[in-house]
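Read off the chains here:
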Amino acid sequence: MSTQVLALIVFAVLAVVILLQLYNVLGRKVGFRPEEKPAGPKGEDMEAIARAERVPEALRMPNLETLKTRDVNFNEINFLEKARETYEQVVIAFHKGELDTIRDKLSEKVMSSFREAIDQRAAAPKDTVSFVDTPKADLDHIDFKEDLAQIRVRFLSELAYEEIAVPKSEDAGETTEAAVPVTRLDKKAEPVKPHRSYKRTAEYWTFQKGMKNPSSPWLLTKVEAAKA
């Protein structure tokens, strides 16, 4: 074999080695390419994930399905709306000392307890109470005692107490007696800015209903303090 042939073979081998090296370096993909985007889960996989993340209502609130079975007209959303309305009405009526307006919403035990608390007041309240915002109401517990269903609701609210303003006249404080009636000029009363204070509350209210009669009302049977 001639020297030229050997040289050609050597050059050919070197060329192959160099090309392989160039391919290894330049042939690699650099950076992110759209076609390399990982495929997302398919429709069936998405449904499976959603089912796993969704907590069944019955597991979150034991006895809810049992209550719906025993009371086919029960709806937790409607119940919470009515419970919130009752909460607002009872709080305001109790503050005013007007229990007769909410008698049909309270059990005899709660009615007696509220009346006793009002009787122990030294005087009528000198302020008014209102809700800063709509109270938050959440189902907390459902239980049964024989033919009675009990639902405990957790309420969070912020109350505004505003003192009842009494206008003060500029002539206030005059005690000097006159021989004849004094003619007074019409004077505007000085505006009095009422003092307002706020209070946040967290309470558990337990409502109870007899299961034998579907038309029985839910009555407030217990009030407890809760953590905010």
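Within every chain, residues take consecutive numbers counted from 1 along the sequence as written. Whole-chain, interface and lining totals are the exception, using all residues; otherwise, since this is a predicted model, local features are given only for residues with pLDDT of at least 70 and side-chain atom pairs are given and counted only at 80 or more. Calculation of side-chain values draws on the structure's entire complement of heavy atoms; hydrogens and water are dropped beforehand.

A. The overall build of the chain, seen in detail. A count of helices and strands for the chain gives 6 helices and 5 strands. Runs of E in the DSSP output that reach at least two residues are strands. Runs of H or I that reach at least four are helices, and both are numbered from the N terminus. Reading the secondary structure of the chain in the N-to-C direction produces α-α-α-α-α-α-β-β-β-β-β. Only protein chains enter the area calculation, which uses a 1.4 Å probe; residues under 20% of their type maximum are buried, those over 50% are exposed, and those in between are partly exposed. Counting all 228 residues of the chain, 23% fall into the buried class. By the convention used here, residues are in contact when the closest approach between their heavy atoms is within 4.5 Å. Restricting to contacts in the chain with at least 6 residues of sequence separation, those with at least 24 account for 66%. Entry remark: accessible area of the chain is about 17600 Å², with carbon and sulfur atoms responsible for 55%. We get accessible surface area from the Shrake-Rupley algorithm with a probe of 1.4 Å; when it comes to residues, only the shown protein chains can shield them.

B. Local environment of the packing of aromatic side chains. Centre distance within 6.5 Å is the pairing criterion for rings of Phe, Tyr and Trp, where only the six-membered ring of Trp is used; planes under 30 degrees apart are then read as stacked, over 60 as edge-to-face, and the remainder as tilted. Inspection of the entire model under this criterion finds 10 aromatic pairs. Between tyrosine 87 and phenylalanine 131, the ring centres sit 5.8 Å apart and the planes meet at 50 degrees, which makes this aromatic pair tilted. Of this pair, tyrosine 87 sits in helix H5 (residues 76-96) while phenylalanine 131 sits in strand E1 (residues 127-131); the two residues are 44 residues apart in sequence, bridging distant segments of the chain. Per residue, the accessibility class of tyrosine 87 equals that of phenylalanine 131, and both read buried. Seen in terms of ring centroids, tyrosine 87 and tryptophan 205 are 4.8 Å apart; in terms of plane orientation they differ by 65 degrees. Their pairing is edge-to-face. A residue pair is termed long-range when its members are at least 10 positions apart, and tyrosine 87 in helix H5 and tryptophan 205 in strand E4 (residues 196-210) qualify at 118 residues. Comparing tyrosine 87 with tryptophan 205 shows no difference in burial state: the two are buried. Pairwise contacts between aromatic rings join Phe74, Phe79, Tyr87, Phe131, Phe155, Trp205, Phe207 and Trp218 into one cluster. Working rule: Lys NZ or Arg CZ, within 6 Å of ring centre, within 35 degrees of ring normal, means a charge sits over the ring. Looking at arginine 121, its charged tip hangs above the ring of phenylalanine 94, at a distance of 4.9 Å from the centre.

C. Examining the confidence of the model for the chain more closely. pLDDT is a per-residue confidence score from the predictor, ranging from 0 to 100. Within the chain, residue pLDDT values average 81, and 71% of them lie at 70 or more. Note on residues 52-59: pLDDT under 50 across the span, and 3 contacts to partners over four residues away in sequence or across chains.

D. How the structure looks around the nonpolar core. Counting 35 residues, the largest nonpolar core has Phe79, Ile151, Val153 and Phe207 as its most contacted members. Elements supplying a minimum of two residues to this core: helix H4 (64-70), H5, helix H6 (108-119), E1, strand E2 (136-145), strand E3 (148-163) and E4. Counting residues per element, this core draws most heavily on H5, at 7 residues. As used in this record, nonpolar core signifies buried Ala, Val, Leu, Ile, Met, Phe, Trp, Tyr and Cys residues forming a set joined through side-chain atoms within 4.5 Å.

E. H6, seen in detail. The end-to-end C-alpha distance of H6 is 16 Å, a good match for the 16 Å that 12 residues give at a rise of 1.5 Å each. Within the span of H6, buried status applies to Val110, Met111, Phe114 and Ile118. Relative to the axis of H6, the buried residues are bounded by an arc of 100 degrees and lie together on one face. For H6, the exposed residues lying more than 90 degrees away from the buried face are Glu108, Lys109 and Asp119. Residues of H6 that are buried make contact with H5 and strand E5 (219-225). Helices are assigned an expected span. That span is 1.5 Å times one less than the residue count. The arc in question is formed by the directions pointing from the helix axis toward the C-beta atoms.

F. Local environment of the side chain of lysine 209. Counting through the fold element by element, lysine 209 comes out in strand E4. Within the structure, lysine 209 has its side chain in polar contact with the backbone oxygen of proline 214 (distance 3.0 Å). Contact partners of lysine 209, with chain neighbours within four places excluded, come to Asp71, Asp147, Leu148, Ala149, Pro214, Ser216, Pro217 and Trp218. Polar contacts here mean pairs of N or O atoms no more than 3.5 Å apart (in protein, one a potential hydrogen donor and the other a potential acceptor; neighbouring residues in sequence count only if both atoms are side-chain atoms).

G. Up close: the layout of surface pockets. In this model, the largest pocket occupies a volume close to 410 Å³. Along the wall of the largest pocket there are 19 residues; nearest its centre are Asn78, Phe79, Lys82, Pro217 and Trp218. Looking at the lining of the largest pocket, the elements with two or more residues in it are H5 and E4. The element best represented in the lining of the largest pocket is H5, accounting for 7 residues. Gly counts as polar in this scheme, as do all residues outside two lists: the nonpolar Ala, Val, Leu, Ile, Met, Phe, Trp, Tyr, Cys and Pro, and the charged Asp, Glu, Lys and Arg. Here the residues of the lining of the largest pocket sort into 8 nonpolar, 5 polar and 6 charged. Buriedness of a pocket was judged along seven lines, with at least five required to meet protein on both sides within 12 Å; pockets are open sets of points on a 1 Å grid over the protein atoms alone, cavities are sets where a 1.4 Å probe fits but cannot get out, and lining residues have an atom within 4 Å of a point. Grid points are joined across faces, edges and corners, and a volume is the space filled by probe spheres set on the points.

H. Seen up close, the environment of arginine 115. Position of arginine 115 among the secondary structure elements: in helix H6. On the basis of relative accessible area, arginine 115 is assigned to the partly exposed category, the value being 35%. For the pair arginine 115 and leucine 99, spaced 16 residues apart in sequence, the C-alpha to C-alpha distance is 7.4 Å. Not counting residues up to four positions away in its chain, the partners in contact with arginine 115 are Leu99, Asp100 and Arg103.

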